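Survey of secondary and tertiary structure
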Amino acid sequence: MVRRANPSRTQPIRLCVGCRTRAPASELLRVVVVGCAVTPDPRRRLPGRGASLHPVPACLTLAERRRAFGRALRETGVLDTGPLLEFLGVADGGVTPTPHGSRNKAGRPA
């Protein structure tokens, strides 16, 4: 008897460590710790514990602000997100993009 893959089977679902929403694993970027740096793993082949993140600067900002990488990857200490910033193409000008656009003190768009 030959077993065939079930075509109605869904993809694995992962949680984005930035925005905390569930999405298919194919839509998220896997990241791992190499040394003391959070490194992107787009091919999902690097060894070690991984975390998932939407490949957008807004989710990266949320994850950094919440200090989610250390918890998700079970690492202590400060983790360098430089390789991840380079992979996402975020210009490191000292200003991190906000997830919902910039707003002034009154809460209105700037």
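Now for a look at the structure at hand. (Residues numbered from 1 in each chain as written. Predicted model: local features only at pLDDT ≥ 70, side-chain atom pairs only at ≥ 80, totals over all residues. Heavy atoms only, no water.)

**As for the overall build of the protein**
Helix and strand counts for the protein stand at three helices and five strands. For the protein, the succession of helices and strands along the chain, N to C, is β-β-β-β-β-α-α-α. A buried classification covers 33% of the 110 residues belonging to the protein. Sequence-distant contacts in the protein: of pairs separated by 6 or more residues, those separated by 24 or more amount to 51%. Of the roughly 8000 Å² of accessible surface on the protein, a fraction of 52% belongs to carbon and sulfur atoms. (Helix = DSSP H or I, 4+ residues; strand = E, 2+ residues; numbered from the N terminus. Buried < 20%, exposed > 50% of the residue type's maximum accessible area, 1.4 Å probe, protein only. Contact = heavy atoms within 4.5 Å. Areas by Shrake-Rupley, 256 points an atom, 1.4 Å probe, with all protein chains shown as cover.)

**A few points about the sheet that holds strand β4 (residues 37-40)**
The strand order β4-β3-β5 describes an open sheet built from three strands, whose pairing is antiparallel. This sheet does not close on itself; its edge strands, each paired only once, are β4 and β5 (50-53). Put simply, the sheet's adjacent strands are angled 40° from each other on average, direction ignored. Direction of pairing for strand β3 (residues 29-34) relative to β5: antiparallel, over a ladder of four bridges. Across the sheet, residue Arg 30 finds its bridge partner in β5, namely Ser 52. (Pairing = 2+ DSSP bridges. Axes fitted to C-alpha atoms, helices over the stretch in contact; angles between N-to-C directions.)

**A word on the nonpolar core**
Ranked by internal contacts, the top residues of the largest apolar core, which has 21 residues, are Val 17, Val 31, Leu 53, Leu 60, Phe 69 and Leu 84. Taken together, the elements giving at least two residues each to this core come down to β3, β5, α1 (57-66), α2 (68-72) and α3 (82-88). For Leu 53, the contacting residues outside a window of four places in its chain are Cys 16, Val 17, Gly 18, Leu 28, Leu 29, Cys 59, Leu 60, Ala 63, Phe 69 and Leu 84. (Core = buried A, V, L, I, M, F, W, Y, C linked by side-chain atoms within 4.5 Å.)

**Some remarks on α1**
Among all positions in α1, only Cys 59, Leu 60, Thr 61, Leu 62 and Ala 63 are buried. In the segment just after α1, Arg 67 is the residue with positive phi, at about 55°.

**A look at the pattern of salt bridges**
Going through the model one piece at a time under the given rule, you end up with one salt bridge. A salt bridge links Arg 30 to Asp 41; its shortest N-O distance comes to 2.5 Å. You can see Arg 30 sitting in strand β3 and its partner Asp 41 sitting in the loop between β4 and β5, a full eleven residues away along the chain. Judged by relative accessible area, which is 14%, Arg 30 ranks as buried. When its relative accessible area of 4% is taken as the criterion, Asp 41 is described as buried. (Salt bridge = Lys/Arg side-chain N within 4 Å of Asp/Glu carboxyl O.)

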